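In case you want the letters, here they are:
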Amino acid sequence: FLVRVATGEMHAFDRIVVATTVRQALALLEPVSGLAELRTQLARFEYVDTRIAIHGDTLLMPADRSAWSVVNVQWDGAHSHNTVWGPGHRRDVFRSWVTFSEQLPEPLYAVATYEHGKVTPEYFDAQRRLAPLQGAGGVWLAGLYTAPPAQGPMISDSWGTTPDALTLRTNTSP
């Protein structure tokens, strides 16, 4: 592999680690021969643009502080919004998904937009098929998309089925 660094210098390598997003990895590996299956699996990952705010606005939390959790979800009738809270700090700081919010929280410390993996059964299958391709042709991939979630076994491991085969029901009262 010939790799051009920021200074413009070229360096030769026998193996490379591509530590980027899926879309960037696909673009970088497009001209490399012998990696068709790797590119096929990378192309299966879907992403959505996500906007995240780091802030101190308690309005995105339940009104009753005793109901606060590390992860809090609100539903606005069209979209769900997650707010993550790290208890135990001197000041309340939150990380909220504000992709569909018209108004940003205040005080606002930072906001960023990034590609977030669209976690579907296809996503998990692509992860599984990508794993044995690591190192093929001297290419190793690094990124969240390269390994199953660290939270524990997949649903299919525990239940013998895949998430798309599960039926989830929510009981609501009028």
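Residues numbered from 1 in each chain as written. Predicted model: local features only at pLDDT ≥ 70, side-chain atom pairs only at ≥ 80, totals over all residues. Heavy atoms only, no water.

1. A look at the packing of aromatic side chains
Under the counting rule described, the total for this entry stands at 5 aromatic pairs. Each ring, one from phenylalanine 45 and one from tyrosine 145, has its centre 5.7 Å from the other, and the planes form 65 degrees; the classification is edge-to-face. Placement of phenylalanine 45 in the loop between α2 (36-42) and β4 (47-55) and of tyrosine 145 in the loop between β9 (139-141) and α4 (155-159) is noted, with a sequence separation of 100 residues between them. Comparing phenylalanine 45 with tyrosine 145, the two get one shared label, buried. (Phe/Tyr/Trp six-rings, centres within 6.5 Å; stacked < 30°, edge-to-face > 60°. Helix = DSSP H or I, 4+ residues; strand = E, 2+ residues; numbered from the N terminus. Buried < 20%, exposed > 50% of the residue type's maximum accessible area, 1.4 Å probe, protein only.)

2. Considerations on the confidence of the model for the protein
Per-residue pLDDT for the protein has a mean of 86; in total, 84% of the residues score no lower than 70. α2 holds the highest mean pLDDT among the elements of the protein, 97, whereas α4 holds the lowest, 41. This model gives residues 151-174 a pLDDT under 50, and the stretch forms 11 contacts once residues within four places in sequence are excluded. (pLDDT = per-residue confidence, 0-100. Contact = heavy atoms within 4.5 Å.)

3. Remarks on the nonpolar core
Generally speaking, soluble globular proteins have nonpolar side chains that are buried together. Core analysis: the biggest nonpolar cluster contains 18 residues, and Leu29, Leu38, Leu42, Leu141 and Tyr145 have the highest contact counts within it. For this core, the secondary structure elements donating two or more residues are β3 (16-18), α1 (22-29), α2, α3 (121-130) and β9. Top element by residues in this core is α3. It accounts for 4 residues. (Core = buried A, V, L, I, M, F, W, Y, C linked by side-chain atoms within 4.5 Å.)

4. Examining the sheet that holds strand β6 (residues 80-85)
Strand order in the open sheet formed by 5 strands is β5-β6-β7-β4-β8, with antiparallel pairing between adjacent strands. Edge positions in the sheet fall to β5 (71-75) and β8 (108-117), since each of these pairs with one other strand and no more. Here the strands of the sheet are splayed against their neighbours by 20 degrees on average, with no regard to which way each runs. Strand direction decides the pairing type here: β4 and strand β7 (residues 94-97), joined by 4 bridges, are antiparallel. When the bridges of β7 are listed, isoleucine 54 appears paired with arginine 95. (Pairing = 2+ DSSP bridges. Axes fitted to C-alpha atoms, helices over the stretch in contact; angles between N-to-C directions.)

5. What about unusual backbone geometry?
Leaving glycine out, the prevailing phi sign among residues is negative, and the prevailing peptide bond configuration is trans. Residue proline 107 is bonded to the preceding glutamate 106 through a cis peptide linkage, with omega at -5 degrees. Here proline 107 lies in the loop between β7 and β8.

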